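Residue-level structural notes
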Amino acid sequence: MTKPVIWITRTLSDATMARARRDYEVIWDAADAPGGAEDIIAMSGQVDGIIPCHSEHFSADVVARLDPRLKIVANHSVGVDHCDLPALGPRGIVVTNTPGVLSDATAELAMMLMLGAARHAVAGDRVVRSGDWDFWSPAFLVGKQITGARLGIIGMGGVGRAFARKARGFDMEIHYHNRNRLTPEDEAGAIYHDTLDDLLAVSDFLSLHCPATPETTGLMNADRLARLPEGCVLVNTARGNLIDETALLQAVEAGHIGAAGLDCFATEPGGNPAFARHDNIMMMPHVGSATVRTRDAMGFKALDNLDAFFAGKPSLDPV
Ligand code: 8YV
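These notes cover the structure that comes with them. From a predicted model like this one, the values you see are computed outputs, not experimental measurements.

Quick notes on the rules
Residues numbered from 1 in each chain as written. Predicted model: local features only at pLDDT ≥ 70, side-chain atom pairs only at ≥ 80, totals over all residues. Heavy atoms only, no water. Buried < 20%, exposed > 50% of the residue type's maximum accessible area, 1.4 Å probe, protein only. Helix = DSSP H or I, 4+ residues; strand = E, 2+ residues; numbered from the N terminus. Pairing = 2+ DSSP bridges. Right-handed = clockwise from strand over helix to strand, strands pointing away. Axes fitted to C-alpha atoms, helices over the stretch in contact; angles between N-to-C directions. Contact = heavy atoms within 4.5 Å. Near = heavy atom within 4 Å. Polar contact = N/O pair within 3.5 Å; in protein donor to acceptor, adjacent residues only side chain to side chain. Areas by Shrake-Rupley, 256 points an atom, 1.4 Å probe, with all protein chains shown as cover. Nonpolar A, V, L, I, M, F, W, Y, C, P; charged D, E, K, R; others polar.

With that settled, the discussion passes to the pairing of strand S9 (residues 205–208). Regular strands have side chains that alternate between both faces of the sheet. Burial along S9 is two-sided: Phe205 and Ser207 and Leu206 and Leu208, pointing in opposite directions, are all buried. Relative to S9, strand S6 (residues 150–154) is paired through four bridges, and the arrangement is parallel. Each bridged residue has a counterpart across the sheet, and for Ile153 the counterpart in S9 is Ser207. By the bridge criterion, four bridges tie S9 to strand S10 (residues 232–236) in an arrangement that is parallel. Bridge pairing links Leu206 to Leu234 in S10. Note that the unit made of S9, helix H10 (residues 222–227) and S10 has a crossover that is right-handed.

Shown next, in the form of structure tokens:
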């Protein structure tokens, strides 16, 4: 039996690539460059399935020009904001994602950013690394303690709940806002706020874990940032467009936001050069899920979704 042909747009983990090559005819380019609109359109006539990352954009314009040969987009991501789902649905193209398997890795990075932002990790590392550390005082690099502080979480899906679990280990008081209230078991003592504004008012620390949708674009705008307690530490490992970056910059410069830890930016790759002026903004280049274990799990989940599809079984992770 001939193997289905798939396009793996980026370089996935070694174990994923090996399994993919065993079971599929794989097209992959070692250049590891994002697939642009014309690449996606051209490739759709040569393959039965694609494993894209969030770097490949299936906009409505692209989807309208896809070849009917393409049957499944098995994303190597939990976020699907790079896929225009209302456009893909009517084309009969199955779309899947990778929920669950990246929750812990992303929550770990959120924890690193929260602690690093709160405790001046950028300035501290720089002063030691540069050899310029020639002074010490009890007043030097004094940060904000997370133990016992109130942590607000927006979005209690897999990543939000994993972050809450880890924050509980730091004795934080967990508050959250979500489309739906969780079961008491999933809440595990977290305090539900049915409006976002109520959550913001109690968030000494705030971490974003909701999907990027038209409704959540610019969620953290000037008005909502102003509702946070003075000195709040803001963490974003979800998507850059959840935050109005100009408003965040102003809030940091005014001292209202005490620090920020950001793994996601409105422009990626690239980030926001204006943030680099501020040592109290700790930044990473969208690597929340980048651990060996999680990259394997994400790749395997994408392949599980392809396997089910080509075996004629129901989608495992449909979106
Ligand atoms: C990945 C992500 O960096 O899953 C997501 O939505 O943003 C990240 O885990 C990326 O999409 C990997 O393909």
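A few words now on the sheet that holds strand S1 (residues 5–8). The five strands are arranged S2-S1-S3-S4-S5 in an open sheet whose pairing can be described as parallel. In this open sheet, the two edge strands, each paired with only one partner strand, are strand S2 (25–27) and strand S5 (94–96). Ignoring strand direction, the axes of neighbouring strands in this sheet form an average angle of 20 degrees. Where strand S3 (residues 49–51) meets strand S4 (residues 72–74), two bridges bridge the pair, whose relative direction is parallel. Its bridge partner lying in S4, Gly49 is registered against Ile72. Against the sheet, helix H12 (residues 292–310) engages S1, S3, S4 and S5, with an angle of about 155 degrees to S4.

For the ligand, the full set of nearby residues is Cys53, His54, His76, Ser77, Val78, Gly79, Leu102, Arg239, His286, Ser289, Arg295 and Met298. Between the ligand and His54 there is a distance of 2.8 Å, counted from an oxygen atom to a side-chain nitrogen or oxygen. With respect to the ligand, the backbone of Gly79 contributes an N or O atom lying 2.8 Å from an oxygen atom. For the ligand, the accessible surface in isolation is 330 Å², of which the surrounding protein chains cover 92%. Classifying every residue of the shell around the ligand by side-chain character gives four nonpolar, six polar and two charged.

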